[in-house]
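# Chain and residue survey
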Amino acid sequence: MEIFRGPWSNFTDVRDSAVTVGFFDGVHLGHRAILDELITDARAQSLRSVVLTFDTHPRHVLRETNAPIGLLTTPDEKVSLLSKTGVDLALVVHFDPSLAQMSPTDFVQIVLKGRIGMRKIVIGFNHGFGKGRMGDRETLIAMSRQLGFSVDVVNPTRVNDTIVSSTYLRNLVAEGRVAEASAGLGRFYSIRGVVIHGFGRGKRLHWPTANLGLIAPGKLSPRDGIYAGVARLGAESFPAAISIGYNPTFAEGKHSLEAHILDFDRDIYDEELELDFVDRIRSEKKFSSETDLSKQISDDVHAVRELLLARGLIRDVSRR
């Protein structure tokens, strides 16, 4: 997959394309249905499949605020996931106020037709575009007759009778319902970072943990608590008990993300580690002593091992 990053006005040499447009946070199953349709149609008509997405969530610009919006995927994660779909070209556009103020008509005529050479567009059932999202499927259908392109509207994807959307999945992750979110994502929700030095208490308690730092800004964190998960270190994967929160037993007031990797004893400081969240085990809790905490960690690790075994993940992720 080719990748272009920058302002839309710098697009060149894009012709005869089948296009889809959206932010694609999470590249979830609903998005995948649109992308699969895009690729199938493009190949059938000898067109280039193009995804036009944005480097910043439009809500940051439309709300005129720097308040963070927790996202399912960082820009790099989104591009990586898109590259695995079979799309020919990803245009990662800088979303700014001038683009936000562009009318639906101008967006189609100037950007999609003029810069990308659109001959077909594939959209979701509730697609909106242009200033104030005033453009919709009916707008595109009406314009298609005048400008000579076709429109394909993809029906919603449902999981457990619920329409899969980025907003729905972000809410699930924020509530700690990561197993339900995984069903809509088509994969485990994950966070990656670099292993940094912590306070060393886990090692003292005989439950050493890998503490994650340098996590990408804007990445959505699941609700505080203890999770069963998978730790991915390069090509290797290991079962893990993941903790998110403030470590209330020690009242340090610092939010942290750390994982006890089961049956693991290696120095991985400064290495990149990715944590997959399989399911939530319990809420964060304050203990009266380190002894009580250590016993609870032992129970948590046992629960994690049993859960991963029951779901057939231990054999898949241990690779040993």
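Throughout what follows, the structure given in this document is the object of discussion. Quantities reported herein were computed from a predicted structural model and do not represent experimental measurements. Position labels on residues start from 1 in each chain and follow its written sequence. This being a predicted model, a pLDDT of at least 70 is required before a residue's local features are given, and a value of 80 or more before pairs of side-chain atoms are given or counted; all residues contribute to the totals for chains, interfaces and linings. As a rule here, side-chain values cover all heavy atoms of the structure and leave hydrogens and water aside.

### Let's talk about the pattern of salt bridges
- For salt bridges, the criterion is a side-chain nitrogen of Lys or Arg within 4 Å of an Asp or Glu carboxyl oxygen. Counted according to the given criterion, the structure contains 18 salt bridges.
- With a shortest N-O distance of 3.3 Å, R192 and E274 are connected by a salt bridge. Separated by 82 residues along the polypeptide, R192 in strand β9 (residues 189–196) and E274 in strand β14 (residues 272–282) bring together distant segments of the chain.
- Among the ionic pairs, R232 bridges to D276, the shortest N-O distance being 2.5 Å. Taken together, the residues R232 in strand β11 (residues 225–233) and D276 in strand β14 connect sequence positions 44 residues apart.
- By sharing partners, the salt bridges in this structure join E77, R192, K219, E272 and E274 into a single network. Numbered from the N terminus, helices here are DSSP runs of H or I no shorter than four residues, and strands are runs of E no shorter than two.

### Side note on helix α5 (residues 104–115)
- Looking only at α5, the buried set comprises P104, F107, V108, V111 and L112. Buried residues of α5 fall within an arc of 120 degrees about the axis and therefore sit on the same side.
- Of the residues trailing α5, G117 is marked for its positive phi of about 60 degrees. Each residue is assigned to one of three classes by its accessible area relative to the maximum for its type, calculated with a 1.4 Å probe on protein chains only: buried under 20%, partly exposed between the two thresholds, exposed over 50%. Picture the helix axis, draw a direction to every C-beta atom, and the arc is the one those directions span.

### Things to note about the packing of α5 against helix α6 (residues 137–147)
- Angles shown run from 0 to 180 degrees and are taken between the N-to-C directions of axes, each axis being a line fitted to C-alpha atoms and, for helices, limited to the stretch in contact. Closest axis-to-axis distance for the α5/α6 pair is 11 Å, and the angle between their directions is 50 degrees. Between α5 and α6, the interaxial angle falls into the category oblique. The handedness of the crossing between α5 and α6 is right-handed. Of the residues in α6, those touching α5 at P104, T105, V108, Q109 and K113 are T139, L140, M143 and L147.
- Class assignment for the residues of the contact of α5 with α6 results in five nonpolar, three polar and one charged. Reported orientations rely on four angle classes, namely roughly parallel under 35 degrees, roughly antiparallel over 145, roughly perpendicular from 65 to 115, and oblique for the rest. Helix crossings get a hand from a simple test, with the near helix turned counterclockwise from the far one by less than a right angle marking a left-handed crossing and a clockwise turn marking a right-handed one. Only heavy atoms enter the contact rule, under which two residues are in contact if any of them lie within 4.5 Å. Classification convention: Asp, Glu, Lys, Arg as charged; Ala, Val, Leu, Ile, Met, Phe, Trp, Tyr, Cys, Pro as nonpolar; all other residues, Gly among them, as polar.

### With respect to the sheet that holds strand β3 (residues 48–54)
- A pair of strands counts as paired when DSSP detects no fewer than two bridges linking them. A sheet is described by the order of its strands in space; here six strands give the open sequence β1-β4-β3-β2-β5-β6, paired in parallel fashion. Both outer strands of the open sheet, β1 (2–6) and β6 (150–154), are each paired with one neighbouring strand and no more. Mean inter-strand twist for the sheet, computed between neighbouring axes without regard to direction, equals 20 degrees.
- Judged from the five bridges that link them, β3 and strand β4 (residues 89–93) form a sheet pairing that is parallel. Residue pairing for β4: L52 is matched across the bridge by L91.
- Against the sheet, α5 touches β2 (17–21), β3 and β5 (118–124), its axis set at about 120 degrees to β5.

Function cannot be read off these values alone, since they describe shape.
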